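Descriptive analysis of the structure
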Protein chains: 2
Amino acid sequence: MNIGQAAKASGVSAKMIRYYDEIGLVRPASRTESNYREYDDRSLNELRFIRRARSLGFSMPEITQLLSLWRDRQRPSRDVKAIAERHIADLDARIAEMQAMADTLRHLSHCCAGDDRPECPILEDLTRS
Amino acid sequence: MNIGQAAKASGVSAKMIRYYDEIGLVRPASRTESNYREYDDRSLNELRFIRRARSLGFSMPEITQLLSLWRDRQRPSRDVKAIAERHIADLDARIAEMQAMADTLRHLSHCCAGDDRPECPILEDLTRS
DNA sequence: ATGGGGCTTCCCATGATGGGAGGGTCAAGG
DNA sequence: CCTTGACCCTCCCATCATGGGAAGCCCCAT
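Rules of the game
- Residues numbered from 1 in each chain as written.
- Chains lettered and ligands numbered in written order.
- Predicted model: local features only at pLDDT ≥ 70, side-chain atom pairs only at ≥ 80, totals over all residues.
- Heavy atoms only, no water.
- Contact = heavy atoms within 4.5 Å.
- Buried area = accessible area lost by both parts, 1.4 Å probe.
- Salt bridge = Lys/Arg side-chain N within 4 Å of Asp/Glu carboxyl O.
- Polar contact = N/O pair within 3.5 Å; in protein donor to acceptor, adjacent residues only side chain to side chain.
- Helix = DSSP H or I, 4+ residues; strand = E, 2+ residues; numbered from the N terminus.
- Buried < 20%, exposed > 50% of the residue type's maximum accessible area, 1.4 Å probe, protein only.
- Near = heavy atom within 4 Å.
- Disulfide = S-S within 2.5 Å.
- Least-squares fit on C-alpha atoms with pLDDT ≥ 70 in both.
- Phe/Tyr/Trp six-rings, centres within 6.5 Å; stacked < 30°, edge-to-face > 60°.
- Nonpolar A, V, L, I, M, F, W, Y, C, P; charged D, E, K, R; others polar.

Another aspect to go through is the interface of chain B and chain A. One frequent convention defines the size of an interface as the accessible area lost when the parts assemble. Contact residues are listed per partner, giving 51 residues for chain B and 51 residues for chain A. Overall, the association of chain B and chain A removes approximately 4,600 Å² of surface from exposure, summing both partners, and the carbon and sulfur fraction of that is 65%. Counting the surface chain B buries against chain A, the share from its top three residues, M98(B), L123(B) and L126(B), is 14%. Put simply, chain B and chain A have six salt bridges between them. The closest approach of N and O atoms between R78(B) and D116(A), which form a salt bridge, is 2.2 Å. Our enumeration of links across chain B and chain A arrives at 24 residue pairs in polar contact (both at pLDDT 80 or more).

Further remarks concern the pattern of salt bridges. Across all of its chains, the model carries 20 salt bridges over all chains by this definition. Here R128(A) and E124(A) are joined by a salt bridge, their closest N and O atoms 3.6 Å apart. Of this pair, R128(A) and E124(A) are both found in helix α6 (residues 121-128), four residues apart, which corresponds to roughly one turn of the helix. E124(A) gets classed as partly exposed once you look at its relative accessible area, which sits at 39%. Note that D103(B) is salt-bridged to R106(B), the shortest N-O span being 3.8 Å.

Near DNA strand D you find 18 residues, and of these G4(A), R18(A), K15(B), M16(B) and M60(B) are the closest. Within 4 Å of the protein, the atoms of DNA strand D are drawn from sugar and phosphate moieties in a proportion of 72%. At 3.1 Å from a phosphate oxygen of DNA strand D is found a side-chain nitrogen or oxygen belonging to Y20(B). Between a phosphate oxygen of DNA strand D and a side-chain N or O atom of S34(B), the distance comes to 3.2 Å. Looking at the surface near DNA strand D, the element that brings in the most residues is helix α2 (residues 14-22) of chain B, giving four residues.

In the structure shown here, the tally under the stated rule is zero disulfides over all chains. Free cysteine: C111(A), not disulfide-bonded; nearest cysteine sulfur from C112(A) at 8.8 Å.

Turning our eyes to something else, we now look at the relation of the copies chain B and chain A. Mapping between the two copies of the chain is achieved by a rotation about an axis and a shift along the axis. With an RMSD of 0.1 Å, chain B superimposes on chain A once it is rotated by 180 degrees and translated 0.0 Å along the axis. Expressed as a symmetry operation, the mapping of one chain copy onto the other fits a two-fold axis. Distance from the rotation axis, computed per C-alpha, reaches its smallest value in chain B at I95(B): 2.9 Å. When the interface residues of chain B are mapped onto chain A, 100% of them again lie at the interface, so the same face is used by both copies.

Looking now at the packing of aromatic side chains. Two descriptors summarise a pair of aromatic rings, namely the distance from one centre to the other and the angle between the planes of the rings. Residues and elements named next belong to chain A. Enumeration according to the criterion identifies four aromatic pairs over all chains in this entry. Judged by centre distance (4.5 Å) and plane angle (25 degrees), the ring pair of F49 and W70 falls under stacked. With a gap of 21 residues between them, F49 in helix α3 (residues 41-55) and W70 in helix α4 (residues 60-71) connect regions that are remote in the sequence. In this pair, the class of F49 matches that of W70, namely buried.

Here the focus is the protein's contact with DNA strand C. Surveying the vicinity of DNA strand C reveals 19 residues, the closest of which are K15(A), M60(A), G4(B), R18(B) and Y36(B). Taking all atoms of DNA strand C within 4 Å of the protein, the share assigned to sugar and phosphate is 68%. Measuring from a sugar or linking oxygen of DNA strand C, one finds a side-chain N or O atom of R54(A) at 3.2 Å. At 3.1 Å, a backbone N or O of M60(A) approaches a phosphate oxygen of DNA strand C. At four residues, the largest contribution of residues to the surface near DNA strand C is made by helix α2 (residues 14-22) of chain A. Here the surface near DNA strand C is built from residues that sort into seven nonpolar, six polar and six charged.

Remember that the coordinates give geometry; whether it matters functionally is a separate question.
Laid out in structure tokens, this is it:
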């Protein structure tokens, strides 16, 4: 399977597949005589794994760890769960931060007439704090 | 006022002040004979404005717009409110996305024993989807 | 006058991703 | 058999906001 077909089948762009190859996230792809990368079902599963993990917001270092646990049939599920919980905490923190921003803005926006006049509590807030 | 003092007084690092200068976000700072940037109260207010806007999650292009409205005493508050509302919608979308990630992970993590055994619903999910 | 700290510019790195140039390869159809 | 178009390869560049650091100039206090 060529990189283009692997990209289509895995949902990971060819660019990113080469990048994952370069940084050693996936096992280096075998090459044809003419230096084309070739992929099999096992590679595809790795790529899909990565895509799914990315879509859950895991960072590349976290995915590196997850992949190595995934490959290890003896892994304790404890280790996987620890990574997941850490990531959940991270997400929650970022959500809380953005929620606070949105709430503040909603309040300010609510107080702003939003018409032709120049008075604006939003700008006033940005000025003062 | 030197850049270091302006940094301390505004809460924006000297590095970032130079950067805002370079990209034209703030008016170019006047210079002393020996080419040191100098800042007055008006500059400080701009820097504080930017810092506050950043802390509410506004992007640099949005801040550019906000600054120009802020400088224009004739601005219609409608324009400011429009920017704020767009940003709120953006925040809400990102929050929803991260919330979905966190919820999925919470479910998977809840189903994972987290002990010595290798069985792990988290890895299974990453494998299948 | 000298030393330490602050200022200047310039370069580099981040993380994940895409764009594009220049050049080799493969397969299908004339 | 040759051409053509669609692949593939590597290498370089850009993003966005931020920080680190080097080399060199400047200012103030001792």
